[in-house]
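A look at the structure
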Amino acid sequence: NAIYIDPIVTVPAGEGSGGTVVKVYSGTNTAPCSNDMNLSGTQFTATQYANINSSNDVRDTLTIGSASCGTVVYNFSIVIYSTMNWINFTVESNEGTFNCVNDSIGAWNHTKQQWDVVRNALGSTSSDQTFTVNLTAINNYLNGTSGSKSIWRQNCDGDGTSSRIITDFAQIQYEYVN
């Protein structure tokens, strides 16, 4: 058996097609952010997909009201192999000059049917920061029965002013045995 480190799955300029499809949603709800699978936001437009498919300082901005939870959800449909060793989610983003409260990156736990916080306190800064989250116990985070999904989110509870999630780039990468 050979071990493969790949593929790197970036957010395409559109949803994508074939073996890899990425759907991205963003929206706001009443704060605090809930722990259920809430894809009630609006799916990205072609322009928004293009804004986050490479690290090129062209960004998408989600503005969050003062008493709201802002969420950007990345729904990666990928090919699942018999043995998958790890998966990385990378996002390059910032919060501008506004602060988020309880900002985090979450991975959807298909077994528990809830978001697991995998990275806290993304930090308020107007400069892009790159966050990579590595999961090695990935069976709970892949759902091979419904489109081989790996679902991630960035969230931010508004700080009483008008917070933002500003995203430049997002991708996943995984290692598998074939």
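Keep in mind that this is a model prediction, so the values were computed, not measured.

1. What about the overall build of the chain?
Along its length, the chain carries one helix and 11 strands. The N-to-C order of helical and strand elements in the chain reads β-β-β-α-β-β-β-β-β-β-β-β. When the accessible surface of the chain is split by element, carbon and sulfur atoms take 45% of a total near 7900 Å².

2. Some remarks on the nonpolar core
Core analysis: the largest hydrophobic core is formed by 31 residues, its most contacted members being Val-24, Tyr-74, Phe-76, Ile-78, Ile-87, Phe-89 and Trp-152. Elements represented by at least two residues in this core include exactly strand 2 (21–30), strand 5 (68–77), strand 6 (83–94), strand 7 (100–109), strand 9 (129–135), strand 10 (149–158) and strand 11 (164–177).

3. Digging into the environment of Asn-53
Positionally, Asn-53 belongs in the loop between helix 1 (46–51) and strand 4 (60–63). Along the backbone, Asn-53 and Phe-169 are 116 residues apart, and their C-alpha atoms lie at a distance of 5.5 Å.

4. Quick look at the side chain of Ser-150
With respect to the helices, strands and loops of the structure, Ser-150 is situated in strand 10. The class for Ser-150 is buried, based on a relative accessible area of 1%. Side chain to side chain, Ser-150 and Trp-152 meet in a polar contact 2.9 Å long. Not counting residues within four places of it along the chain, the set of residues in contact with Ser-150 comprises Tyr-74, Asn-75, Phe-76, Ile-78, Ile-87, Tyr-141, Leu-142 and Ile-172.

5. Let's talk about the packing of aromatic side chains
Any pair of aromatic rings gets described here by the distance separating the centres and the angle formed by the planes. Here the structure, examined in full by the defined rule, presents five aromatic pairs. Relative to Phe-89, the ring of Phe-76 lies with its centre 6.4 Å away and its plane at 70 degrees, an arrangement referred to as edge-to-face. Of the two residues, Phe-76 sits in strand 5 while Phe-89 sits in strand 6, which places them 13 residues apart along the sequence. Judged by its relative accessible area of 0%, Phe-76 is buried.

6. Notes on the side chain of Gln-154
Among the structural elements, Gln-154 can be located in strand 10. A relative accessible area of 1% places Gln-154 in the buried class. Engagement of the side chain of Gln-154 in a polar contact is seen with the side chain of Tyr-74, the distance being 2.7 Å.

Parameters and conventions
- Position labels on residues start from 1 in each chain and follow its written sequence.
- For this predicted model, a pLDDT threshold of at least 70 governs which residues receive local features, and a threshold of 80 or more governs which side-chain atom pairs are given and counted, while totals over whole chains, interfaces and linings are taken from all residues.
- Side-chain numbers come from the whole structure's heavy atoms, not from hydrogens or water.
- Runs of H or I in DSSP of at least four residues are treated as helices and runs of E of at least two as strands, each being numbered from the N terminus.
- Calculation of accessible area relied on Shrake-Rupley with a 1.4 Å probe; when residues are assessed, cover is drawn exclusively from the protein chains displayed.
- We define a nonpolar core as any set of buried Ala, Val, Leu, Ile, Met, Phe, Trp, Tyr and Cys residues linked to one another through side-chain atoms lying within 4.5 Å.
- Burial classes: relative accessible area under 20% of the type maximum marks a residue as buried, over 50% as exposed, and values in between as partly exposed (1.4 Å probe, protein chains only).
- Pairs of N or O atoms are called polar contacts if they sit within 3.5 Å, as long as, within protein, a hydrogen donor faces a hydrogen acceptor (for residues adjacent in sequence, only side-chain-to-side-chain pairs).
- Residues count as neighbours in contact if any of their non-hydrogen atoms are within 4.5 Å of one another.
- Under the pairing criterion, centres of Phe, Tyr and Trp rings, with the six-membered ring standing for Trp, must be within 6.5 Å; the plane angle then separates stacked pairs below 30 degrees from edge-to-face pairs above 60, leaving the rest tilted.

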